[in-house]
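So you can see what is in the structure, the chains are spelled out below.
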Amino acid sequence: MSTPRKLVLDDIADLRAYERERDEFRAHIIALKKKRRIGVGPHVTLVFENRDTIRFQIQEMARAEKILSDEGIQTELDVYNKVIPEPGTLSATLFIELVTDAELREWLPKLVGIERSIVLRFAGHEVRCRPEADHEAQLTRDEITASVHYVVFELTPEQVADWGHGPVALAVDHPAYQHSTTLSDDTVAELATDLRA
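I will try to describe carefully the structure that is included in this document. (Residues numbered from 1 in each chain as written. Predicted model: local features only at pLDDT ≥ 70, side-chain atom pairs only at ≥ 80, totals over all residues. Heavy atoms only, no water.)

Focus on helix 3 (residues 70–80)
Along helix 3, the residues classified as buried are G72, I73, E76, L77 and Y80. With its buried residues spanning 140° around the axis, helix 3 presents them on a single face. Looking at the packing, one finds that the buried side of helix 3 touches helix 2 (51–65) and strand 7 (148–154). (Buried < 20%, exposed > 50% of the residue type's maximum accessible area, 1.4 Å probe, protein only. Helix = DSSP H or I, 4+ residues; strand = E, 2+ residues; numbered from the N terminus. Arc of directions from axis to C-beta. Contact = heavy atoms within 4.5 Å.)

What follows is the structure in structure tokens.
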């Protein structure tokens with residue numbers, strides 16, 4: 001029987017148990033993110049999320065903020081389970097990586113709408129992302145964008161079947177930011193595990 005995609009309370013270890021597994025789990029996540037983190041141009045990075053990366057995020061948040069109650073953990077699960085991809089979809093955290101105040105002031109107003117400007121191109125297909133609805137309501141503004149967005153790519157069964165047949169490009173086609181990169185074979189194979197149940 002396969003593991004359910006969404007996380008439940010029992011998947012989140014209490015703080016003492018998590019401390020015992022943390023070093024090993026963290027090493028696993030670092031290796032996983034090497035395949036799942038893609039830079040596109042100088043300022044945009046996408047991390048394709050899965051059950052493990054989201055579990056790590058919740059565990060680390062609970063650790064940092066000392067969230068001990070089931071209710072507190074359930075609140076985090078309700079927020080972040082939406083980012084775990086269903087079969088036939090890919091889900092990513094989009095980071096606009098800017099380090100100075102000047103860069104923030106220059107780029108965040110310029111990049112309004114970037115959460116709808118990411119495209120996967122492969123095997124004659126083009127799949128445009130959409131923002132994750134609940135996060136979009138909190139993050140989207142008309143005059144300035146957030147530096148973090150959650151986006152989803154929904155593929156048809158035909159597109160899922162064609163995934164990995166030839167190169168896969170990840171592109172940003174925003175008017176103020178046009179860059180593209182080709183995914184490594186390791187990344188394409190890793191993301192296939194999200195697409196195919």
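Now that the structure has been shown, we can carry on.
Side note on the packing of helix 2 against helix 3
Two elements in contact, helix 2 and helix 3, have axes whose closest approach is 11 Å; the angle formed by their N-to-C orientations is 145°. Along this stretch, helix 2 crosses helix 3, giving a crossing that reads as right-handed. Where helix 2 approaches helix 3, its residues I54, Q57, I58, M61 and A62 are matched on the opposing element by I73, E76, L77 and Y80. (Axes fitted to C-alpha atoms, helices over the stretch in contact; angles between N-to-C directions. Left-handed = near helix turned anticlockwise from the far one by under 90°.)

Some remarks on the sheet that holds strand 1 (residues 37–40)
Spatially, the five strands line up as an open sheet ordered 1-2-3-7-6, and their pairing is antiparallel. Across the chains shown, the open sheet's two edge strands, defined by having one partner strand only, are strand 1 and strand 6 (130–131). Helix 1 (residues 15–36) contacts strand 1 and strand 2 (44–48) of the sheet and is inclined by roughly 35° relative to strand 1. Lying over the sheet, helix 7 (residues 185–195) contacts strand 1, strand 2 and strand 3 (89–96), oriented at roughly 125° with respect to strand 3. (Pairing = 2+ DSSP bridges.)

As for the packing of helix 1 against helix 7
One way to put it is that helix 1 packs onto helix 7 with a least axis distance of 8 Å and a crossing angle of 105°. The angle between helix 1 and helix 7 places the two elements in the roughly perpendicular class. Residue-level inspection shows L32, K35 and R36 of helix 1 in contact with helix 7, the latter providing D186, T187, E190, L191, T193 and D194. When its residues are assigned to classes, the contact of helix 1 with helix 7 shows two nonpolar, two polar and five charged. (Parallel < 35°, antiparallel > 145°, perpendicular 65-115°, else oblique. Nonpolar A, V, L, I, M, F, W, Y, C, P; charged D, E, K, R; others polar.)

Coordinates in, geometry out; function isn't part of it.
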